[in-house]
Amino acid sequence: MKKNTYFEQMRDTAIAYNEAQAIREKDREAMKEADDWDGVKAFDEREKKEFPYPFTAGQNKALCEYDRSLRNGADAFEVDDLPWDYELSDFVDTLRKAGITAIVVTDESTGLMDGIYGLTSLGCKMTGLKTVTRADDHRFGSKEPERKNGIEFQL
């Protein structure tokens with residue numbers, strides 16, 4: 001899988017947010033050390049109101065699956081962990097905005113059936129079985145590419 005400009009921009013935004021939050025968090029820690037619990041409470045309320053995380057859970061899940069696919073050297077956009085039903089719409093929307101046209105679901109969780117039905121309800125089409133090859137196998141002691149069976153969906 002190749003790098004994707006849309007996801008790379010999302011990653012840059014997330015990194016910038018996290019760096020800014022870490023700087024603000026130092027103020028919170030100072031308040032805790034000073035036993036200023038009213039200040040901590042006000043800080044937390046201000047954080048939620050003025051500095052919300054820039055992505056929804058579904059958008060963030062799409063970014064995580066993109067990063068995982070890159071890290072594993074997958075030959076397709078692999079989704080090893082489908083989002084919860086309430087995250088799925090934002091997840092699919094983000095993939096579409098990124099220009100991703102197909103994913104291979106290799107999720108083996110108990111919620112897999114709900115995820116499959118959720119994807120199809122969002123207009124995704126199951127096109128068949130596909131095996132993903134992960135060039136960078138993280139299994140201990142293995143030097144061979146890992147292969148993971150999945151179901152391909154066209155978005």
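Everything that follows concerns the structure shown earlier in this document.
The paragraphs below set out a description of the structure included in this document.

What counts as what
Residues numbered from 1 in each chain as written. Predicted model: local features only at pLDDT ≥ 70, side-chain atom pairs only at ≥ 80, totals over all residues. Heavy atoms only, no water. Pairing = 2+ DSSP bridges. Helix = DSSP H or I, 4+ residues; strand = E, 2+ residues; numbered from the N terminus. Phe/Tyr/Trp six-rings, centres within 6.5 Å; stacked < 30°, edge-to-face > 60°. Buried < 20%, exposed > 50% of the residue type's maximum accessible area, 1.4 Å probe, protein only.

**What to know about the pairing of strand β4 (residues 146-154)**
- Across 4 bridges, the pairing between strand β2 (residues 102-105) and β4 is antiparallel. Across the sheet, residue Ile103 finds its bridge partner in β4, namely Phe153.
- In terms of strand pairing, strand β3 (residues 125-134) meets β4 through 9 bridges, oriented antiparallel. Counterpart to Thr131 in the pairing with β4 is Asn149.

**Here we look at the sheet that holds strand β1 (residues 78-79)**
- Spatial ordering of the open sheet is given by β1-β2-β4-β3, a layout of 4 strands whose pairing is mixed. In this open sheet, the two strands that pair with only one neighbour each are β1 and β3.

**With respect to the packing of aromatic side chains**
- If you walk through the whole model with that rule in mind, you get 5 aromatic pairs.
- Aromatic pair Phe7 and Tyr66: ring centres 4.7 Å apart, planes at 15°, arrangement stacked. Placement of Phe7 in helix α1 (residues 5-33) and of Tyr66 in helix α3 (residues 57-72) is noted, with a sequence separation of 59 residues between them. For the pair Phe7 and Tyr66, a shared accessibility class is recorded, and that class is buried.
- Seen in terms of ring centroids, Phe7 and Phe77 are 6.0 Å apart; in terms of plane orientation they differ by 40°. Their pairing is tilted. Residue Phe7 is found in helix α1, and its partner Phe77 is found in the loop between α3 and β1; the two are separated by 70 residues along the sequence.
- Accessibility expressed as a relative area gives 0% for Phe7, which makes it buried.
- Judged by its relative accessible area of 4%, Phe77 is buried.

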